[in-house]
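Inside the fold
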Amino acid sequence: MDGTPRLGHGFRFQWEPAQKCHVLLYPEGMIKLNQSGGEILARCDGQRDVAAIVADLEAAFSASGLRGDVEGFLAMAIEKRWLKLETGAKA
Amino acid sequence: MNAPAKIGPPMWLLAEVTYRCPLHCVFCYNPVDFAKHEVELSTDDWLRVLREGRELGAVQCGFSGGEPLLRDDLEILIGEARQLGYYTNLITSGVGLTEARLDAFKAAGLDHIQLSFQDSTKEINDFLTHTRTFDLKQKVGEMIKARGWPMVMNVVIHRLNIDHIGRIIEMADALGAEYLELANAQYYSWALLNRDQLMPSREQLRRAEAVTNEWKEKLAERMRILFVVPDYHEGKPKKCMNGWGNVFLTVTPDGTALPCHTARMLPGLSFPNVRDSSLREIWHESEGFNHYRGTGWMKKPCRDCDHKEEDLGGCRCQAYLLAGDADAADPVCPKSPHHEIVSAALENATNPNRQTQPLIFRDPKESRRLTREAKTPSPTA
Ligand code: SF4
Ligand code: SF4
């Protein structure tokens, strides 16, 4: 997967103290994210591309080989329109 | 008490900031006696309510009414709500919306606007015939999109417009709607007064659903369409408000806090006012919010029913309005001993010789008249 993911139109990502988790807010609803989903989405800022997000997560959690899991999550999130993947010339 | 042991946070704070409204919808969900609740909360009261709701854990904040644009502090309230971390939603007819006002909402951080189509008879006609209303919605729609908000539309569907549903969808598409909710009228408040005129026949509903499905396929790429089936026709009680005191906390223009915007009509239940209690006390401790939480309050047939967790016995207001007993099973349920009332209304909708009274339009004068006339809020059968 190549490109730079950013939040889909109308979605907002934030930490919710009352839920003790990251959430995605959208018109009239809320998705609670598990820890890894939250960590991935926190890095989908429209600046970092997929490779940078993976590298960042691997550094943060002193892990390696995360690419498959991250891409799996991103593909699901794109399908659900939580994220848009921008490809081609980077902003 | 029968409330479940653990009460989670409300997800929604619904701020009904005013009952004032330039429109006169025959299906209006505001209480029939709205004109007697005239004293509105101040800006400071609302700011406190927003803060308390957020502390309680609410994440979605809806501004509705009446027509919320009539509050000239709306941008202040939106700004505070956004600042506090709510996802902010404005539900408006768009009447009176200007470029300047929208700019102020944008600057305040408003997340989402839902443009609703009101005034069923006249407005829909104007809309369908491409006159004033269409032009107004088009203008407002363009202003909304130009500022980067998605275009989300809501149309209340009933007997008088249901046969035009294909045309309504087509027009919504012409306006660039990305999301369209076709909500069948629910028979409370003003819609109940007008039920005989508003309720479609089964046949009308079936056709409308078929037409909607065709459009859904055709427009799948650019518009999502949601068709909300009325519970009368489905014969299936709905889990009202997603559970009493479970998801929604509504604050009315005068500060009364309610688990649902029509709950105020229920007799013998007292609902607290945000002027006297904090939202935390209201949500967790008040009698009004605890009374119908969970399933402990139920009697037969709900008490012994396998579906009780699924639908929580349906809507309390509908039980009261139709069966005269707020603890009864929702009469739309075939197991309800009062189901006959619902069948009769449906039957009547099919009768070509049915008798109807003239439509009653929602306005303050009618509201005062009806309040005077109703010694008790009479269950309408
Ligand atoms: S339903 Fe119609 S009359 Fe009632 S508040 Fe909304 S716009 Fe006004
Ligand atoms: S009897 Fe009560 S719980 Fe059972 S389906 Fe009917 S309304 Fe729901």
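Residues numbered from 1 in each chain as written. Chains lettered and ligands numbered in written order. Predicted model: local features only at pLDDT ≥ 70, side-chain atom pairs only at ≥ 80, totals over all residues. Heavy atoms only, no water.

Details of the side chain of Thr262 of chain B
Residue and element names in this part refer to chain B. Within the fold, Thr262 resides in the loop between strand 9 (257-258) and helix 11 (279-285). Look at Thr262 and you get buried, because its relative accessible area is 6%. Among residues more than four places away in sequence, those in contact with Thr262 are Tyr29, Tyr188, Ser189 and Cys317. (Helix = DSSP H or I, 4+ residues; strand = E, 2+ residues; numbered from the N terminus. Buried < 20%, exposed > 50% of the residue type's maximum accessible area, 1.4 Å probe, protein only. Contact = heavy atoms within 4.5 Å.)

Structural notes on the sheet that holds strand 2 (residues 12-16) of chain A
All names here are of chain A. Spatially, three strands are ordered 2-3-4 in an open sheet, and the strand pairing comes out antiparallel. Where the open sheet ends on each side, the last strands, each with one partner, are strand 2 and strand 4 (29-32). Across the sheet, the mean angle separating the axes of adjacent strands is 30° when strand polarity is ignored. Note that strand 3 (residues 21-26) and strand 4 share four bridges and pair antiparallel. Its bridge partner lying in strand 4, Leu24 is registered against Ile31. (Pairing = 2+ DSSP bridges. Axes fitted to C-alpha atoms, helices over the stretch in contact; angles between N-to-C directions.)

Let's talk about the pairing of strand 2 of chain A
Residue and element names in this part refer to chain A. Bridging between strand 2 and strand 3 involves five bridges; their strand directions are antiparallel. Among the inter-strand pairings, Glu16 is bridged to a residue of strand 3, identified as Cys21. From the end of strand 2 to the start of strand 3, which pair antiparallel, there are four residues, and Lys20 there has a positive phi angle of about 55°.

Here's the deal with empty space enclosed by the protein
All names here are of chain B. Across all of its chains, the model carries two cavities of 30 Å³ or more by this definition. Around the second largest cavity, the lining is made up of 13 residues, and of these Cys240, Gly243, Trp244, Gly314 and Arg316 lie nearest the centre. Tallied by class, residues from the lining of the second largest cavity come to nine nonpolar, two polar and two charged. (1 Å grid on protein atoms, 1.4 Å probe; cavity = no way out; pocket = protein on both sides within 12 Å on 5 of 7 lines; lining within 4 Å. Points joined across faces, edges and corners; volume = space filled by probe spheres on them. Nonpolar A, V, L, I, M, F, W, Y, C, P; charged D, E, K, R; others polar.)

Everything listed here is a matter of geometry and, on its own, says nothing about what the molecule does.
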